[in-house]
Every structure is written in C-alpha cells, then in structure tokens.
Amino acid sequence: ALCGALLAIAAGALGAGVWSLVVRQLVSSGLIALVAWASITRLVRAGRSAVAAAPATPVPAAAPARATERANRRWFALLALASFLALNLDYYLVGLLRDVEALGPYALAFMIAFAPVTQLSWQLGKVLFPAASSTGELSRIGARTVSAIAGSALVLLPLVPPAVALAPWAFPAVLGAEWQPLVVPFQLLLAAGTVHALANLVGESLSGT
C-alpha cells in the first residue's frame, strides 16, 4: 500500500491526473500478488526439502483422499471467484448502464456503505480464518463463529435504520446538493453490506476449515 501510494503521488506530480489512482491500485495489487507468490514458492520448496530429507518412505494418499482434496480446491477457487464478482461486477454494470460520472457517487456510496464489511467483518475474518484452520474441533469453530456473528449483529443492525433515514439529509448537507444521487445507492448498499458483513464471518470459518 505504501509503495502504491508513493508511486501514485509521483505519477500525479508528473501530470498523470486521474490515472495516478489506477497506478496506485495496480502497483498495490501487483505487489501483493508477487510477494504472495514468492512466499508460497519458498514454503513449497521448504516442504519438498523436508520430505526429501525424511527417512521414512512416504505413503501415497488414497484415491478418495485425493478426490476430496481436488474437490476442496475447486470449492475454494469458486468461493474466491464469487467474492471477486460480488465486489466488482456492480461497478462494471453501473459504468455500462449509466456513464463514468455515475461511477463517482456510486463508488463513494459503496465505500461508505460497505464499511461494515471492510472495517469490521474483514478484520474479524483475519482472526477467524487462521483460528478455524488450526482448530480440529468443529464445535469450537462453530461456537466461535456464532459469537462473532452475534457481536457484530449487535453493533451493526441498530445503526442501519437511522443511517438509512438520515442519508437523504446528511449527504446533501455535508457534500452538497450535487451528491443527492448518492442517497439511494447508499441506502441499498448499506443493507447489502451489513448482511454481507455477517455472512462473511461464516465464509471465513468455512474457508479456514
């Protein structure tokens, strides 16, 4: 994130304009992918070295176990694809059906309305995912997930009705009358974002197991 921000500032200073934001996003995402690839490669090599050094003869996995492993990989990939589409397809549709100018209010509405997902659910997910992957007892994982959902619901659900009710007044008052089109997308996205935040906690635990 720091490298992307610094390069975006440099690009903006050199006259890139709005494309400096594109530079930031591409650099940040690209570096995440490269670092992840390098880390995984190192771990795979270390695992292979450990297997090669082990004196015991490795026992080949049974066919049902290999089939289950392949099925788990497919489901994990499908989950990642569904998550990517859920968080990006709407931008494409808004830009396609309306225009680029409509994406501005929509993107701001999305960022604010999905704060329950990005600032609460994803942060809790960073704890639930490794905790689930390192816990063998499904009952403990389930109880932990239920507690996280209940606590999040107690925080988020009471805030939704007043936020929806105040949005038609608050956005024009704070940002100006030209941001009035932001109100309805915000109201719809806030409801969707709150439900998504709670459902994501289930997804994090399931992914971890």
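As the structure is a prediction and not an experimental result, all values here were calculated from the model. (Residues numbered from 1 in each chain as written. Predicted model: local features only at pLDDT ≥ 70, side-chain atom pairs only at ≥ 80, totals over all residues. Heavy atoms only, no water.)

**Q** Which residues make up the overall build of the protein chain, and what are the values?
**A** The helix and strand tally for the protein chain stands at eight helices and zero strands. Relative to its length of 209 residues, the protein chain is extended, with a C-alpha radius of gyration of 22 Å against a globular reference of 17 Å. Each principal axis of the C-alpha distribution contributes one length, and for the protein chain these read about 75 × 45 × 30 Å. Counting every position in the protein chain, which comprises 209 residues, the buried fraction comes to 23%. Looking at the protein chain as shown, the accessible area adds up to about 14,200 Å², and 74% of this sits on carbon and sulfur atoms. Computed over 12 positive and 7 negative side-chain charges, the separation of the two mean positions in the protein chain equals 19 Å. (Helix = DSSP H or I, 4+ residues; strand = E, 2+ residues; numbered from the N terminus. Rg over C-alpha atoms; globule rule 2.2 N^0.38 Å. Buried < 20%, exposed > 50% of the residue type's maximum accessible area, 1.4 Å probe, protein only. Areas by Shrake-Rupley, 256 points an atom, 1.4 Å probe, with all protein chains shown as cover. Lys, Arg positive; Asp, Glu negative; His and termini not counted. Charge placed at Lys NZ, Arg CZ, Asp CG, Glu CD.)

**Q** Requested: an account of a nonpolar patch on the surface, with residues and values cited.
**A** Together, Trp 75, Leu 78, Leu 81, Phe 84, Leu 85, Leu 89, Tyr 92, Leu 93, Leu 96 and Leu 97 make up an exposed nonpolar region whose accessible area comes to about 1,100 Å². For Phe 84, the position within the fold is in helix α3 (residues 63-97). Assessed through its relative accessible area of 51%, Phe 84 is described here as exposed. (Patch = residues over 30% accessible without salt bridge, like charges linked within 9 Å, V, L, I, M, F, W, Y side chains within 5 Å. Salt bridge = Lys/Arg side-chain N within 4 Å of Asp/Glu carboxyl O.)

**Q** Pulling in residues and values, what's your account of the packing of aromatic side chains?
**A** A complete count under the given rule lists five aromatic pairs for this structure. Taking 6.4 Å as the distance between ring centres and 40 degrees as the angle between the ring planes, the aromatic pair formed by Tyr 106 and Phe 110 counts as tilted. With Tyr 106 and Phe 110 both in helix α4 (residues 100-113), this residue pair falls four residues apart, about one helical turn. Exposure remark for Phe 110: the relative accessible area of 10% places this residue in the buried category. (Phe/Tyr/Trp six-rings, centres within 6.5 Å; stacked < 30°, edge-to-face > 60°.)

**Q** With reference to specific residues and values, describe the environment of Ala 67.
**A** Along the chain, Ala 67 falls in helix α3. Along the sequence, Ala 67 and Ala 197 sit 130 residues apart, while their C-alpha atoms lie 32 Å from each other.

**Q** Outline the pattern of salt bridges, listing residues and values.
**A** One pass over the structure, following the stated rule, counts one salt bridge. Here Glu 69 ties to Arg 73 by a salt bridge, and the two come within 3.2 Å at their closest N and O atoms. In this pair, Glu 69 and Arg 73 both sit in helix α3, four residues apart, roughly one turn of the helix.

**Q** An account of the side chain of Thr 194 is requested, with residue identities and associated values reported.
**A** Inspection of the secondary structure puts Thr 194 in helix α8 (residues 183-208). Thr 194 has contacts with Pro 116, Leu 156, Leu 157 and Val 160, leaving out every residue within four places of it along the chain. (Contact = heavy atoms within 4.5 Å.)

**Q** Hey, could you go over the nonpolar core for me, with residue numbers and the actual values?
**A** Residues Phe 110, Phe 114, Phe 171, Phe 186 and Leu 189 are the most contacted members of the largest nonpolar core, which totals 19 residues. Residues in contact with Phe 186, not counting those within four places in the same chain, are Ala 109, Ile 112, Ala 113, Ala 163, Ala 167 and Phe 171. (Core = buried A, V, L, I, M, F, W, Y, C linked by side-chain atoms within 4.5 Å.)

**Q** Summarise the environment of Pro 181; cite the residues concerned and give the values.
**A** Here Pro 181 shows up in the loop between α7 (160-175) and α8. Looking at Pro 181, the relative accessible area reads 53%, which means it is exposed.

**Q** Give a detailed account of the packing of α7 against α8, specifying residues and quantitative values.
**A** Two elements in contact, α7 and α8, have axes separated by 9 Å at closest approach and are oriented at 155 degrees. The orientation of α7 with respect to α8, classified from their angle, is roughly antiparallel. With respect to the hand of their crossing, α7 and α8 are arranged in right-handed fashion. Taken together, the residues of α8 that come into contact with α7 (itself represented by Val 160, Ala 163, Val 164, Ala 167, Pro 168, Phe 171 and Pro 172) are Val 183, Phe 186, Gln 187, Leu 190 and Thr 194. (Axes fitted to C-alpha atoms, helices over the stretch in contact; angles between N-to-C directions. Parallel < 35°, antiparallel > 145°, perpendicular 65-115°, else oblique. Left-handed = near helix turned anticlockwise from the far one by under 90°.)

**Q** Help me get a handle on the confidence of the model for the protein chain, residues and values and all.
**A** Per-residue confidence for the protein chain averages 86 on the pLDDT scale, and 95% of its residues sit at or above 70. The secondary-structure element of the protein chain with the lowest mean pLDDT is α3, recorded at 83, while helix α1 (residues 2-13) shows the highest, at 93. (pLDDT = per-residue confidence, 0-100.)

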